[in-house]
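Geometric and topological summary
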Amino acid sequence: MQATDSSQRIGQPTPTDFWETAYTLGLPAALWRLPNQRHKHLIVSFDETLPRVSADLEELPAGFLISPFDNLNTETETPAQTLFLRADVQAVFSENAPTATSIADTEAGNRFQQTIASRTDNQRTDQEITFVTLPDAGTEQEYVTNVAEAVEAMQRGEFRKVVLARTKQLCFSDAPNAVALFDKLCQKYPTAFVSAVSIPEKGQIWISATPERLVSVDAVGIFRTNALAGTQSAFEADGTPKLPQDAMWSQKEIEEQAIVCRYIIECFKKIRLREYIEEGPQTVIAGNLMHLGTSFTVDTQAVRYPQLGTVMLRLLHPTSAVCGTPRDLAFSFIKQHESYDREFYSGFLGPVNISTNDAGPASDLFVHIRCMKLEGNLATLYAGAGLTEYSIPEREWQETEMKCQTLLSVIQ
């Protein structure tokens, strides 16, 4: 059953109240803030086991999608393992005070309201948490060796680009407060899509601040996607911020970003779409990093293609920004050389058919990078680097270290 407007306000609950109530009841929840916006959104699903869906943006009710990196059905090439959190509870917050709330008028909804009301005098306070960095699951030497193998394969012409990732693990003295981490990320990265997603059936909470839009369709049918690749520090050696117009890009970084652009254009060609606007590349600041970015825009009403969001989602994921080119060969290389399961890292996530203003519902899906998985007091951070035949293995390791700082900087 979809969430219905119960028009019942429960005092002035905060995002933490909603989040902790969902956690207490063993219910999935998603908390997010869109780029360059101040309002925070939260939904709770009453499905203790989340449905696996094909990500059809035109057919799904209001909710939130989170997809693993490896979600392709090899026979149909459609996403088969995307999790869907239906918006049985939906709340919008301004300065942590709710501006709108709806709760499904069901037995589960009544139980949720009773539980959140009981939190009034029993709110969780921020705690001092320490952590230690565990030995890297994949050592620097192993990563550098794999990068060198990839470079050699590309120089032989086996493929043009591949993205190899690694993990870093932290052990906290206590389970960290996910909402507090979310709030810190919102403050530090105003231009990112910041989210926290709790998946009780897996015992996981995923937190991210991603700069990369995969697919969005707004209330008036404007489709958008971005090509984001190439990475350098956003700061000079003395710690002063770089100006975007002064950023110097190497041949490797320019080619890496161009590959992602060509990949998007090839997807447009597959569906014979010619009416799109391409802007870029230009230097984009994403927290402590700079990237090269190009945006693509399509008016789906003008081209009479209302299903474009769903069609492009299936064609794009996994993009060459997180997988490689050609996709199948790069995917195979990743599977052979990464010694862990990426799970939801480098998948996609975001709200679908959520009304953010009077214009109507919109869908905004982002590539799930700059992310961390929490399992109790254990955190796993993920970072990858796009490799071309010009890559220098040791520099690619340093790039992954910089990307880990996106989350480490709000933890330390």
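Calculation criteria
Residues numbered from 1 in each chain as written. Predicted model: local features only at pLDDT ≥ 70, side-chain atom pairs only at ≥ 80, totals over all residues. Heavy atoms only, no water. Helix = DSSP H or I, 4+ residues; strand = E, 2+ residues; numbered from the N terminus. Rg over C-alpha atoms; globule rule 2.2 N^0.38 Å. Buried < 20%, exposed > 50% of the residue type's maximum accessible area, 1.4 Å probe, protein only. Contact = heavy atoms within 4.5 Å. Areas by Shrake-Rupley, 256 points an atom, 1.4 Å probe, with all protein chains shown as cover. Lys, Arg positive; Asp, Glu negative; His and termini not counted. Charge placed at Lys NZ, Arg CZ, Asp CG, Glu CD. Salt bridge = Lys/Arg side-chain N within 4 Å of Asp/Glu carboxyl O. Phe/Tyr/Trp six-rings, centres within 6.5 Å; stacked < 30°, edge-to-face > 60°.

So, about the overall build of the chain. Of regular secondary structure, the chain possesses 8 helices and 21 strands. In terms of overall size, the chain behaves like a compact globule, its C-alpha atoms giving a radius of gyration of 21 Å where 412 residues would be expected to give roughly 22 Å. Counting the 412 residues in the chain, one finds 56% classified as buried. Long-range contacts, defined as pairs at least 24 residues apart, comprise 74% of the intrachain contacts of the chain with a sequence gap of at least 6. Accessible surface computed for the chain: about 17900 Å², of which carbon and sulfur atoms make up 47%. Separation between the mean location of the 35 positive side-chain charges and that of the 52 negative ones in the chain comes to 3 Å.

Inspection of every chain in the model, using the stated rule, returns 20 salt bridges. Lys-373 is the partner of Glu-375 in a salt bridge, and the nearest nitrogen-oxygen pair spans 3.6 Å. A relative accessible area of 30% places Glu-375 in the partly exposed class. Overlapping salt bridges bring together Lys-161, Lys-252, Glu-256 and Glu-396 as one network.

Before going further, it helps to examine the packing of aromatic side chains. Inspection of the entire model under this criterion finds 16 aromatic pairs. Ring geometry for Trp-206 and Tyr-382: centres 5.5 Å apart, planes at 25 degrees, overall stacked. In this pair, Trp-206 sits in strand β11 (residues 204-210) while Tyr-382 sits in strand β21 (residues 378-387), placing the two residues 176 residues apart along the sequence. Each member of the pair, Trp-206 together with Tyr-382, is buried. Judged by centre distance (4.7 Å) and plane angle (25 degrees), the rings of Phe-268 and Tyr-276 are stacked. Grouping aromatic residues by their ring pairs yields a cluster made of Trp-206, Tyr-340, Phe-344, Tyr-345 and Tyr-382.

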